[in-house]
Amino acid sequence: MAQNEIPPHVQMMNVASAKFIAKPLWVAAQLGIADLIAQGVASTAELARRTGTHERSLYRILRALACVGIFTETAPRQFGLTPLASTLRSDAPNTMRDVVVFLNHPIHDVAWTEIMHSVKTGLPGFDRAYGMPIFEYFPKNPEFSEAFNRAMTNLATNDITAVVESYDFRGIGKLVDVGGGHGALMMSILDRNPDMRGVVFDLPHVIEGTKKALAASAHAARCEAVGGDFFVSVPKGDAIIMSHIIHDWDDERSVTILKNCAKAVPRNGKVLICEAVIPAGDTFSPGKLLDLEMLVMPGGMERTAEEYGTLLKQAGLRLERIVPTRTPVCVIEGVPA
């Protein structure tokens, strides 16, 4: 049936039981089922043997996923990949395997049990569940931290390509990527802008990995890695770019970060924020759903264009324009006021 022909109570059941898809999806991603099928393993008996699982239960997982277009049952208890299932391959260009693993990680699940606390107080459910903010928790749980880092790398791949295709970086002599991780965005921008110099700025323990990544790249001679705290200061440059940073923080701390960025660019400089921009009304936006993740986990938020304009103004910047990309991420351009 077409979606508009499904009775409302059935649609509601489908929404309410979304975990009946999400959790089996996590099982398939965690076990690497898509990789095994891509290697030619198709039967649930062999998949179960290779993954150390119960064959009949694994079949029930794959049968459920196949009925919503994730995998396809090509013959009794034989499975193949669909375009959706292919994104679970670890070697896919647009892989989402690590995103699925992180979003359904048991630690993540526990934090979401505190969503009512977030709604009543405006405070992160994660903090209530674990007694500390998520960015303090990561160093104490390297496995969960690594799951997060891998998921962010998955998400960044498509966003990076969209940003460098959509925004014209010409004329920027020195670009600073604040919160730039291991430098994937910066290296992609440098690929297309051979006259540009770059700085990747992040926490000192992150920058150790950044230095290794840059040393192995073609950009070692014109990009440096700098450790520090963006709540204190950021390196100076002709422009600053931040991808998926501001949405992690509340307004007060976001303004602090932006003020430090404003101090680091010249009068003709730019501060570029790569984030989703929330549309008004009932218009569907993945950002409206991601916003709830920000509420529960770090305590940040996705914002509208007006809200970004307000943040920039409070930081001594002016919203110049918003450049859309082919993904939900936009490039929000701020300039000194």
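Residues numbered from 1 in each chain as written. Predicted model: local features only at pLDDT ≥ 70, side-chain atom pairs only at ≥ 80, totals over all residues. Heavy atoms only, no water.

S.K.: So what about the overall build of the protein? Which residues, and what values?
M.R.: When helices and strands are counted, the protein shows 17 helices and nine strands. For the protein, the C-alpha atoms occupy an extent of roughly 65 × 45 × 40 Å along the three principal directions. Counting every position in the protein, which comprises 337 residues, the buried fraction comes to 47%. Of all intrachain contacts in the protein linking residues separated by at least 6 positions in sequence, the fraction that spans at least 24 positions is 62%. Accessible surface computed for the protein: about 17000 Å², of which carbon and sulfur atoms make up 57%. (Helix = DSSP H or I, 4+ residues; strand = E, 2+ residues; numbered from the N terminus. Buried < 20%, exposed > 50% of the residue type's maximum accessible area, 1.4 Å probe, protein only. Contact = heavy atoms within 4.5 Å. Areas by Shrake-Rupley, 256 points an atom, 1.4 Å probe, with all protein chains shown as cover.)

S.K.: Give a detailed account of the side chain of E333, specifying residues and quantitative values.
M.R.: Summarising the element assignment, E333 is placed in strand β9 (residues 329–336). Here E333 falls in the buried class, since its relative accessible area comes to 4%. Polar side-chain contacts of E333 include one of 2.4 Å to the side chain of Y167. In this structure, E333 is in contact with Y167, K270, V271, L272, R318, L319, E320 and R321, ignoring residues within four places of it in sequence. (Polar contact = N/O pair within 3.5 Å; in protein donor to acceptor, adjacent residues only side chain to side chain.)

S.K.: Outline helix α4 (residues 44–51), supporting the account with residue identities and numerical values.
M.R.: Note: α-helices contain 3.6 residues per turn, so residues at a spacing of three or four share the same orientation. Within α4, burial applies to T44, L47, A48 and T51. Down the axis of α4, the sector holding all buried residues measures 100°, keeping them to one side. Where α4 is buried, its residues meet α2 (19–31), α3 (33–38), α5 (55–66) and β2 (78–80). (Arc of directions from axis to C-beta.)

S.K.: Explain α5 to me, and be specific about the residues and the numbers.
M.R.: Between the first and last C-alpha of α5 there are 16 Å, a value that for twelve residues agrees with the 16 Å anticipated at 1.5 Å per step. The set of residues buried in α5 consists of L58, Y59, L62, L65 and A66. Take α5 and look down its axis: the buried residues cluster within an arc of 130°, on one side only. On its buried side, α5 packs onto α2, α3, α4, β1 (72–75) and β2. (Expected span 1.5 Å × (residues − 1).)

S.K.: Explain the sheet that holds β9 residue by residue, including any values.
M.R.: The strand order β5-β4-β3-β6-β7-β9-β8 describes an open sheet built from seven strands, whose pairing is mixed. Edge positions in the sheet fall to β5 (223–227) and β8 (317–324), since each of these pairs with one other strand and no more. Along the sheet, successive strands turn relative to each other by an average axial angle of 20°, direction set aside. As paired elements, strand β7 (residues 270–276) and β9 share six bridges and run antiparallel to each other. Residue pairing in the sheet places E275 in a bridge with C330 of β9. Running over the sheet, helix α12 (residues 142–166) touches β7, β8 and β9 and is turned about 50° from β9. Across the sheet, helix α17 (residues 305–314) is in contact with β7, β8 and β9; its angle to β8 comes to roughly 145°. (Pairing = 2+ DSSP bridges. Axes fitted to C-alpha atoms, helices over the stretch in contact; angles between N-to-C directions.)

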